[in-house]
Structures are given as structure tokens and as C-alpha cells.
Amino acid sequence: MLKKLLCVFAMLMAHAAYAAVDVNKADQAALESVKGIGPSVSTRILDERKKSPFKDWGDFVGRVKGVGEGNATRFSKEGLTVNGATFTPSEHAGKAEPKKDKPGKKDSKG
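The following refers to the structure shown. (Residues numbered from 1 in each chain as written. Predicted model: local features only at pLDDT ≥ 70, side-chain atom pairs only at ≥ 80, totals over all residues. Heavy atoms only, no water.)

Along its length, the chain carries six helices and two strands. For the chain, the N- to C-terminal ordering of α and β elements is α-β-α-α-α-α-β-α. When each of the 110 residues of the chain is scored for burial, the buried share is 25%. Within the chain, contacts between residues separated by at least 24 positions form 48% of all contacts whose residues are at least 6 apart in sequence. When the accessible area of the chain is evaluated, it comes to approximately 8,300 Å², of which 59% is carbon and sulfur surface. (Helix = DSSP H or I, 4+ residues; strand = E, 2+ residues; numbered from the N terminus. Buried < 20%, exposed > 50% of the residue type's maximum accessible area, 1.4 Å probe, protein only. Contact = heavy atoms within 4.5 Å. Areas by Shrake-Rupley, 256 points an atom, 1.4 Å probe, with all protein chains shown as cover.)

For the rest of this paragraph, the subject is the packing of aromatic side chains. One pass over the full model with this rule turns up three aromatic pairs. Ring geometry for Phe 54 and Phe 60: centres 5.1 Å apart, planes at 80 degrees, overall edge-to-face. Side by side, Phe 54 and Phe 60 carry an identical accessibility label, which is buried. (Phe/Tyr/Trp six-rings, centres within 6.5 Å; stacked < 30°, edge-to-face > 60°.)

On to helix 3 (residues 39–51), then. If you check helix 3, its first and last C-alpha atoms are 19 Å apart, about what 13 residues at 1.5 Å a residue would give, namely 18 Å. Buried within helix 3 we find Val 41, Ser 42, Ile 45, Leu 46 and Glu 48. For helix 3, the angular spread of buried residues about the axis comes to 165 degrees, placing them on one side. Those residues of helix 3 that are exposed and aimed more than 90 degrees away from the buried face are Pro 39, Lys 50 and Lys 51. Structurally, helix 3 contributes buried residues whose contacts are with helix 2 (28–32), helix 4 (57–63) and helix 5 (69–77). (Expected span 1.5 Å × (residues − 1). Arc of directions from axis to C-beta.)

Core analysis: the largest hydrophobic core is formed by 19 residues, its most contacted members being Val 23, Leu 31, Ile 37, Ile 45, Phe 60 and Leu 80. Secondary structure elements with two or more residues in this core: helix 3, helix 4 and helix 5. Here the element with the most residues in this core is helix 3; it accounts for three residues. Not counting the four nearest positions on each side in its chain, Leu 31 is found in contact with Val 21, Val 23, Ala 26, Ile 37, Ser 42, Ile 45, Leu 46 and Leu 80. (Core = buried A, V, L, I, M, F, W, Y, C linked by side-chain atoms within 4.5 Å.)

To continue, consider the environment of Arg 63. Tracing the chain through its elements places Arg 63 in helix 4. As a C-alpha pair, Arg 63 and Glu 48 span 15 residues in sequence and 6.9 Å in three-dimensional space. When sequence neighbours within four positions are dropped, the list of residues in contact with Arg 63 reads Glu 48, Arg 49, Lys 51, Ser 52, Pro 53 and Phe 54. Only 2.7 Å separates the side chain of Arg 63 from the backbone oxygen of Ser 52, close enough to count as a polar contact. At a separation of 3.4 Å, a polar atom in the side chain of Arg 63 contacts the main-chain carbonyl oxygen of Pro 53. (Polar contact = N/O pair within 3.5 Å; in protein donor to acceptor, adjacent residues only side chain to side chain.)

The next subject is the side chain of Ser 76. In this structure, Ser 76 sits in helix 5. Overall, the relative accessible area of 8% leaves Ser 76 in the buried class. A polar contact is formed between the side chain of Ser 76 and the backbone nitrogen of Phe 87, at a distance of 2.9 Å.

Below, the structure written as C-alpha cells:
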């Protein structure tokens, strides 16, 4: 019985150690506790959040300069959330605007 109690306690402690950091609620220190987020990124996050809270990961990636899908994936794996949600790359696939041709450049097909 004691072993079971210790096991449950250990699991609870492990879960508490991996606490999610929500981008809309965290202060600068909490943001910087996420591996990969340093002072410059946390400042950009807080500056954008002052304008308005982040709606979702797409909004976060679109508004915070220097954060793309790769960083969003890493930050999410390290515990960052947006409104409690983790990042899922597939939900943002194909949402990027298509690249526009440069003015004056003609299609080579004729």
C-alpha cells in the first residue's frame, strides 16, 4: 500500500514539474522559463500581447517576429500554450499566403 501511495505522489510531482505556460497569462520570467525563449523573444511576445491577446497559435506565429512553425513546435513541446492549446503543425499547414511574383517579371511559359 505504501508503494502505491509513493508512486501516486511521484506521478503528481512529475506532473506539477511540467506546468504549462500560457502565452496570454505569463509574465516575462515565466515566458523565459520555456526553453528557447530568451529576453528578446519574451519582450516581443509581451509587446504584441499588449496590443491584444493571442487568439490561437496561428495568431501568435503571425504576430511575433522570429517565431515560425519550427519555433512554435519547440516552444509547445517545452510547455508553452496559447489559451491552453498546444501547437499542432498540421492545423496551420497551407495557411501561408502564396508568394507573389515580382512586378515586371513575366511567366516563362509564354
